[in-house]
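Reading the structure
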Amino acid sequence: MTTDRVYNVLFLCTGNSARSILAESILNAEGKGRFNAYSAGSQPKGEVNPFALKELETLGYPSNGFRSKSWDEFAEPGAPHMDFIFTVCDSAAGEACPVWIGHPMSAHWGIEDPSAVEGGDIEKSRAFAQAARFLKNRIMSFISLPLASIDKLALETHLRQIGAMEGASIKQPKAN
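Residues numbered from 1 in each chain as written. Predicted model: local features only at pLDDT ≥ 70, side-chain atom pairs only at ≥ 80, totals over all residues. Heavy atoms only, no water.

Comments concerning the overall build of the protein chain
Broken down by element type, the protein chain carries 5 helices and 4 strands. Reading the secondary structure of the protein chain in the N-to-C direction produces β-α-β-α-β-α-β-α-α. Taking all 176 residues of the protein chain together, the buried fraction comes to 46%. Long-range contacts, defined as pairs at least 24 residues apart, comprise 74% of the intrachain contacts of the protein chain with a sequence gap of at least 6. (Helix = DSSP H or I, 4+ residues; strand = E, 2+ residues; numbered from the N terminus. Buried < 20%, exposed > 50% of the residue type's maximum accessible area, 1.4 Å probe, protein only. Contact = heavy atoms within 4.5 Å.)

Below is the structure:
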């Protein structure tokens, strides 16, 4: 991997309406042109959760142009070649994923679903703020890795460690 290379990263979640959208926006902004982030879901909900968009706006990240889409779009011919794929929900981590061309590096960075929080707007907003914080912490750790000089085994170890950071969901995916 060379230092001037732009890496493609796909964040997967079942519904592609909250966590994966947050991660896509945060990485595209914080990656400062070194990364192209995308998001998708195994069973997309068809719309982005408004609390996710509101949290992105609150944090100063882009919040326009997002849509809930299937991960099949990224397994089709002509789709961007992915270098990294991160599952951000436990359901997506356990599902049978499409075959990804080039066998990108992958890891599970699961956090609890803020969309599942019950209560009023304050409780929901708090859950989305927490999810965004956990994702940003993982993303900042990821983009600080020396991708151009680290060997594959060490990189895999670092990616798994990032997934175990604060806020990691209790469930862990089955080993492949």
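With respect to unusual backbone geometry
In this model, N16 sits at a positive phi of 45 degrees, which is unusual for a non-glycine residue. Here N16 lies in the loop between β1 (7-13) and α1 (19-30). Overall, the relative accessible area of 0% leaves N16 in the buried class. Phi is positive for K32, close to 45 degrees, though the residue is something other than glycine. Among the secondary structure elements, K32 is positioned in the loop between α1 and β2 (35-41).

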